[in-house]
Amino acid sequence: MKVSVLGLGYVGCVSAACLASLGHEVVGVDVNQAKVDLVNDGKAPVVEERIGELIAEVVRTGALRATGDVHEAVMGSEVSLVCVGTPSEPNGSLSTAYLERVTEQIGAALAERKRQSEEQGGVRGARHTVVFRSTMLPGTCLNLLVPILEKYVGGTAGVDFGVAVNPEFLREGTSVRDFFDPPKTVIGHLDPASGDAVAALYEGLPGEVFPVPVPVAEAIKYADNAFHGLKIGFANELGAVFQALGVDSHQVMDVFLADRKLNISPAYLRPGFAFGGSCLPKDLRGLVHAARRADVSVPILAHVLPSNADHLERAVELIERTGKRRAGLFGLSFKPGTDDLRESPLVALAERLFGKGYDLRIYDPNVSLSRLLGANREYIETRLPHLAQLLADSVDEVLEHAEVCLVGTRDPAVLSALPHGEGPMIVDLIRLPDAEARRAEPGYVSLV
């Protein structure tokens, strides 16, 4: 394919050279003439493993060249890969100035292509696809960049030209290696033809390909980088605490990392309701307290429980916005299949709603007041002494009572009885298995 790569920083330079090595005809574009000259001389404008010899090779074979002329590059290509920077503003917001400027230039070139096509009697060449590889927040493409393109081109995105978002997952220092062996390829496309054009760029490379909606593609990069930063901060805070307590943190983390079932795994990484139980809250409090006694600042660990409390508050606010006062709560224990109510977020939710005057009924197939013993019974008598009058004997009893149903369990009896369309409102706290289908129904709202 004929590809223009706009922006010859780390991402653009590596993308251009690697795509050229895959057999595409690539022209790199940059406003910095020094970068353009370096590439045309077969030299890399960035310091990066393997990039120097790769650029020398693809420039020598004619697969890659560079220019400062956006118009010329877009006019001569089928796909434009936008790799310009999106730096932080002083207040932390994302600057889209470079993105907007290059999008205007692409739009002007596509308008010229459209005029030429009309002058030739409407004969169309290959439809051009604009692919945004720059990191940008969800909504930027559809709400900001697509309108710019449509304004300049005088056409419709997804019809007159293609649009896609293709985030990169290149680590500086190993970016060439990462390009040829990617952890994943994400293609957020406006229409199938746009997605096909992007997929063709990477044909033959390993790794799973994820075709997703455009905003999902924009968000994935932020999910990745936020988690990477969180992991580093988490490990460093643990290291500082354990160092202060006289423990070898590297031995601790060697064992921690060896657990691929719960730790380095998908476990606990699905958005849902707040956490609770007899272990996580207690042990987090204990660890943070030990850190404070040792004069070790642990802002990440110290804010996990407040973050959890905020998530519970989001649920309360979501329920309040329904305007309904007769509520039914499905689920009470902190974990399905148990009757453990200790520090259950659902108990906390019931406590909040009862205190706010909601007419509440609760059903949990595993919770019977007569069977609660020891610390479990003591906890519920302290937190929710009115539980006996709130517990229902069946799903139907709750459904008959409720104007709004709060679903905190995936118990099969509950799921099969939940109404569709008509009936009480559904507040989904846990992401129901049929959540996607329910999203189109009136009266369904989801916490996550």
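Each chain has its residues counted from 1, running along the sequence as written. Local features are withheld for residues below a pLDDT of 70 in this predicted model, meaning they are given only at 70 or higher, and side-chain atom pairs are given and counted only at 80 or more; totals for whole chains, interfaces and linings count all residues. Note: side-chain values were computed over all heavy atoms of the structure, leaving out hydrogens and water.

As named in an unreviewed UniProt entry, the chain is UDP-glucose 6-dehydrogenase, taken from Streptomyces daliensis. Turning to the chain, the UniProt record has this under Catalytic activity (unreviewed entry): "UDP-alpha-D-glucose + 2 NAD(+) + H2O = UDP-alpha-D-glucuronate + 2 NADH + 3 H(+)". The Pathway (unreviewed entry) field of the UniProt record for the chain holds the comment "Nucleotide-sugar biosynthesis; UDP-alpha-D-glucuronate biosynthesis; UDP-alpha-D-glucuronate from UDP-alpha-D-glucose: step 1/1." UniProt positions are given in the numbering used here, feature names are shortened, and annotations may be inferred rather than shown by experiment.

(A) The arrangement of the nonpolar core in detail. Definition of nonpolar core: a set of buried residues of the types Ala, Val, Leu, Ile, Met, Phe, Trp, Tyr and Cys, connected through side-chain atoms within 4.5 Å. Any residue under 20% of the maximum accessible area for its type is buried, any over 50% is exposed, and the rest in between are partly exposed; the area is computed with a 1.4 Å probe on protein chains only. With 48 residues, the main nonpolar core has Phe330, Leu332, Ile362 and Leu429 as its most contacted residues. The dominant element in this core, judged by the number of residues it contributes, is helix H14 (residues 345–355), at six residues. Those residues within four positions of Leu429 in sequence are excluded, and the remaining contacts are Gly272, Phe273, Ala315, Leu346, Leu349, Leu406, Val407, Gly408 and Leu447. Formed by 37 residues, the second largest nonpolar core is a distinct cluster that contains Cys13, Val14, Val131 and Ala197. Here a strand is any run of E in DSSP of at least two residues, a helix any run of H or I of at least four, and the numbering for each starts at the N terminus. Contacts between residues were defined by any pair of non-hydrogen atoms, one from each residue, lying within 4.5 Å.

(B) A look at the layout of surface pockets. A cavity here means a set of points on a 1 Å grid, drawn over the protein atoms and nothing else, where a 1.4 Å probe fits but cannot get out; a pocket is an open set with protein on both sides within 12 Å along at least five of seven lines, and a residue lines either one if it has an atom within 4 Å of a point. Grid points are joined across faces, edges and corners, and a volume is the space filled by probe spheres set on the points. One number sums up the size of the second largest pocket: a volume of about 590 Å³. If you trace the second largest pocket, you find 27 residues lining it, with Gly7, Leu8, Cys83, Val84 and Gly85 closest to the centre. Elements with a contribution of two residues or more to the lining of the second largest pocket: helix H1 (10–21) and helix H5 (97–119). In terms of residue count, the dominant contributor to the lining of the second largest pocket is H5 (four residues).

(C) Structural view of unusual backbone geometry. Positive phi, normally seen in glycine, also occurs at Tyr268, with a value near 70°. Checked against the element boundaries, Tyr268 lands in the loop between helix H10 (249–258) and helix H11 (280–293).

(D) Main features of the UniProt feature "binding site: substrate" (unreviewed entry) in the chain. UniProt tags Phe169, Leu170, Arg171, Glu172, Lys221, Tyr268, Leu269, Arg270, Pro271, Gly272, Gly276 and Lys335 as "binding site: substrate" (unreviewed entry). In three dimensions, the annotated residues from a span of 167 residues occupy distinct locations, with a maximal C-alpha spread of 41.7 Å. Checking the named residues against the largest cavity, the ones that line it are Phe169 and Leu170. Within the secondary structure, Lys221 is located in helix H9 (residues 214–244). Those residues within four positions of Lys221 in sequence are excluded, and the remaining contacts are Thr135, Pro167, Glu168 and Phe169.

(E) Focus on the side chain of Asp178. Mapping Asp178 onto the fold places it in helix H7 (residues 175–180). Exposure remark for Asp178: the relative accessible area of 6% places this residue in the buried category. Separated by 2.8 Å, the side chains of Asp178 and Arg171 make a polar contact. Once residues lying within four places of it in the same chain are set aside, the contact partners of Asp178 are Phe169, Leu170 and Arg171. Contacts described as polar in this section are N or O atom pairs within 3.5 Å, which, within protein, must combine one atom able to donate a hydrogen with one able to accept it, while residues neighboring in sequence count only if both atoms come from side chains.

(F) Structural view of the UniProt feature "binding site: NAD(+)" (unreviewed entry) in the chain. When the UniProt feature table is mapped to this numbering, "binding site: NAD(+)" (unreviewed entry) covers Asp30, Lys35, Thr86, Thr135, Glu172, Lys282 and Arg342. The named residues occupy 313 residues along the chain; their greatest pairwise C-alpha distance, 61.8 Å, places them well apart from one another. In this structure, the second largest pocket is lined, among the annotated residues mentioned, by Asp30, Lys35, Thr86, Thr135 and Glu172. Residue position: Thr86 is located in the loop between strand E4 (79–82) and H5. The contact partners of Thr86, leaving out residues within four places of it in the chain, are Leu94, Ser95, Leu99, Ser134 and Thr135. A distance of 2.7 Å separates a polar atom in the side chain of Thr86 from the backbone oxygen of Thr135. One can find Thr135 in the loop between strand E5 (129–132) and helix H6 (140–153). For Thr135, a relative accessible area of 22% puts it in the partly exposed group. Leave out the neighbours within four places in its chain, and Thr135 touches Thr86, Leu94, Glu168, Lys221 and Tyr222.

(G) How the structure looks around the packing of H9 against H10. At a minimum axis separation of 9 Å, H9 and H10 run at an interaxial angle of 135°. It follows from the interaxial angle that H9 and H10 lie oblique. As H9 runs across H10, the sense of the crossing is right-handed. For the pair H9 and H10, contact is made by Phe234, Leu238, Gly239 and Phe242 and by Ser249, Val252, Met253 and Phe256, respectively. The nonpolar class holds Ala, Val, Leu, Ile, Met, Phe, Trp, Tyr, Cys and Pro. Asp, Glu, Lys and Arg form the charged class, and all remaining residues, Gly among them, are polar. Class assignment for the residues of the contact of H9 with H10 results in six nonpolar, two polar and no charged. Inter-axis angles, ranging from 0 to 180 degrees, are taken between N-to-C directions of lines fitted to C-alpha atoms, where helices are fitted over the stretch in contact. Any angle that is under 35 degrees is reported as roughly parallel, and any over 145 degrees as roughly antiparallel; angles of 65 to 115 degrees are reported as roughly perpendicular and all others as oblique. Handedness of each helix crossing follows the sense of rotation of the near helix against the far helix: counterclockwise by less than a right angle gives left-handed, clockwise gives right-handed.

(H) Quick look at the pattern of salt bridges. The term salt bridge refers to a side-chain nitrogen of Lys or Arg lying within 4 Å of a carboxyl oxygen of Asp or Glu. Under the counting rule described, the total for this entry stands at 19 salt bridges. Measuring nitrogen to oxygen at the nearest pair gives 2.7 Å for the salt bridge that ties Arg115 to Glu112. A residue pair is termed a helical-turn pair when its members lie 3 or 4 positions apart in one helix, as Arg115 and Glu112 do in helix H5 at three residues. Its relative accessible area of 42% is what places Arg115 among the partly exposed residues. Residue class for Glu112 comes out partly exposed when judged on its relative accessible area of 23%. The salt bridge partner of Arg171 is Asp178, with a shortest N-O separation of 2.8 Å. One salt-bridge network, in which partners are shared between bridges, spans Arg431, Glu436 and Arg439.

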